[in-house]
Amino acid sequence: MDLKVFKFGGASVKNNEGVSNVVKILESHKEEKILTVVSATGKTTNALEEVVKSYFNQKGDADQLLQSIKDEHIKIMDGLGILNEESFADLSDTFVEIDWMIEDEVQDEFNYIYDQIVSVGELVSSKILYHKAVKEGLNVAWLDVRDIIITDNTYREAKVIWADTQARMDSKVIELLKIYDVVITQGFIGCSTENFNTTLGREGSDYSAGIFSYCLDAQSLSIWKDVPGILTADPRLFENVTKIDRLSYREAIEMTYFGAKVIHPKTIKPLQNKNIPLYVRPYNDPESMGTLITSDVDTVYPPVIVIEANQSLIHISTNDFSFVAEEHLSEIFAKLNHYRLKVNMMRNTAISFSVAVQNDQKKIAMFIKDLSDKYTIVKDDDLELITVRHYDDATVDRMKVGKIVLFEETIRQTVRMAVKDVPVVIRKEV
Ligand code: ADP
Ligand code: ASP
Ligand code: MG
């Protein structure tokens, strides 16, 4: 079956104009079969995280916070002209499980509760998109992704069980696509084998689209974003960025691995395995093909800058001055894994080992406490990791202006450094 997968992120459906635009894009592909993956609208996932925290800590305002999320969605539906008895009931039914959950006492662990609550964001955004697509006359079905993407029960970072997922794609999704031109489903969420909601990690909708593309042998995947394509740096942080027209899978994997926030790092591998082209395209200029990511790209890349802010550098040394050897490293890594601290950079000397991780104070404190009997641990906060791929000296020098470089390494075409702002002392008027 000739099929394309489209993925629309939160920014593309943040308001009624956005949802209408997505439906227009789908209409312009009327002759094709399109499996559409959608994220929660705008910043809904962040707002749902606040509901989770409020409920878990029994702050007393979880239902109010949830109500304002509902109101936002009703406003979008109203703006789209799709607010009626049926669509309202559909929306209310979707929220009802959470309504029940937050009325009850807290009985379960945080990560489980998180996934049960936060997953509603994608369920409701996909329903809104579906109702609008129906109104515009598209031959469209709404698909509950929890019937398709099966995962283990690592809540908040669930791992896909590929064989089960593939079997459901082959039976259910293929059958739907025989009947409907467009199938709308949710990114980010899945279902455990025990039938509970799971999530694939923040920003995981791109990955969901990669999973669908892989399992359905899609012709291509288009990820529609608020940028013209993949740029030489994040336009929120840098001026004068330029679009890269073609990238290899390998280059895209490296960029996202180093922290480029434009695509979820897990998205590329399933596509690469089946050689499925990936387009990163602007939703506000649907004629443009954006950036094309494929296998063999014969090009000279410009310097590409990736920034990971808010990092902590943890220095670990043995209390008895023994060398930090393999057994220590495996113990340290087991703990990093246990506390789900993702290592963004590491380095070792004879008696110490340093790792840069995202500054999550709670997790880091538990990690340090756990190792403090055997090791002396100090940490530096408020660091940035700067990666320059295909570097030239001028770009690297520009990155260092106003910064203290704590360490720097060069591996082939890539320079990586951990930096801190130079503290600025201002002379007093006397
Ligand atoms: P969505 O969730 O709507 O799919 P994201 O906000 O996750 O989209 O990703 C798009 C954002 O990624 C852009 O607005 C941009 O600020 C950021 N970004 C970071 N690095 C890059 C890059 N190299 N090229 C393009 N965009 C980038
Ligand atoms: N809605 C989820 C998030 O904001 C998943 C995604 O948008 O990719 O993290
Ligand atoms: Mg996103």
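Before going into details, it helps to say that this report is about the structure given with it. (Residues numbered from 1 in each chain as written. Chains lettered and ligands numbered in written order. Predicted model: local features only at pLDDT ≥ 70, side-chain atom pairs only at ≥ 80, totals over all residues. Heavy atoms only, no water.)

1. Notes on unusual backbone geometry
Link 1 in the chain: Although it is not a glycine, Arg156 sits at a positive phi angle of roughly 75°.
Link 2 in the chain: Tracing the backbone shows Arg156 in the loop between strand 4 (150–151) and helix 7 (162–179).
Link 3 in the chain: We classify Arg156 as partly exposed; its relative accessible area is 29%.
Link 4 in the chain: Of note in this structure, Arg340 is not a glycine but carries a positive phi near 55°.
Link 5 in the chain: In this fold, Arg340 is placed in the loop between helix 11 (326–338) and strand 13 (343–348). (Helix = DSSP H or I, 4+ residues; strand = E, 2+ residues; numbered from the N terminus. Buried < 20%, exposed > 50% of the residue type's maximum accessible area, 1.4 Å probe, protein only.)

2. So, the site of ligand 1
Link 1 in the chain: Around ligand 1, a shell composed of 18 residues is seen, among which Lys7, Lys225, Asp226, Asp234 and Arg236 lie nearest.
Link 2 in the chain: Within the backbone of Leu231, one N or O atom sits 2.9 Å away from a nitrogen atom of ligand 1.
Link 3 in the chain: Contact distances for ligand 1 include 2.9 Å between an oxygen atom and a side-chain N or O atom of Arg236.
Link 4 in the chain: Here ligand 1 has 570 Å² of accessible area as a free molecule, and 90% of this is covered by the chains.
Link 5 in the chain: For the shell around ligand 1, the per-class residue count stands at eight nonpolar, three polar and seven charged. (Near = heavy atom within 4 Å. Polar contact = N/O pair within 3.5 Å; in protein donor to acceptor, adjacent residues only side chain to side chain. Areas by Shrake-Rupley, 256 points an atom, 1.4 Å probe, with all protein chains shown as cover. Nonpolar A, V, L, I, M, F, W, Y, C, P; charged D, E, K, R; others polar.)

3. Remarks on the site of ligand 2
Link 1 in the chain: Close to ligand 2 lie Ser39, Ala40, Thr45, Glu122, Phe188, Arg202, Glu203, Gly204 and Ser205.
Link 2 in the chain: At 2.8 Å from an oxygen atom of ligand 2 is found a main-chain nitrogen or oxygen belonging to Glu203.
Link 3 in the chain: A distance of 3.3 Å separates an oxygen atom of ligand 2 from a polar atom in the backbone of Gly204.
Link 4 in the chain: In isolation ligand 2 offers 260 Å² of accessible surface; the protein chains occlude 92% of this area.
Link 5 in the chain: Of the residues in the shell around ligand 2, the class split is two nonpolar, four polar and three charged.

4. A closer look at empty space enclosed by the protein
Rolling a probe over the atoms, with the probe sized like a water molecule, indicates the empty space that remains.
Link 1 in the chain: Tallied over the entire structure, the rule returns one cavity of 30 Å³ or more.
Link 2 in the chain: Empty space within the largest cavity amounts to approximately 30 Å³.
Link 3 in the chain: Taken together, Leu26, His29, Lys30, Glu32, Ile34, Leu138, Asp181 and Val182 make up the lining of the largest cavity.
Link 4 in the chain: Residue composition of the lining of the largest cavity, grouped by class: four nonpolar, one polar and three charged. (1 Å grid on protein atoms, 1.4 Å probe; cavity = no way out; pocket = protein on both sides within 12 Å on 5 of 7 lines; lining within 4 Å. Points joined across faces, edges and corners; volume = space filled by probe spheres on them.)

5. Some remarks on the state of the cysteines
Link 1 in the chain: Enumeration according to the criterion identifies zero disulfides in this entry.
Link 2 in the chain: Free of any disulfide, Cys191 has its nearest neighbouring cysteine sulfur in Cys215, separated by 16 Å. (Disulfide = S-S within 2.5 Å.)

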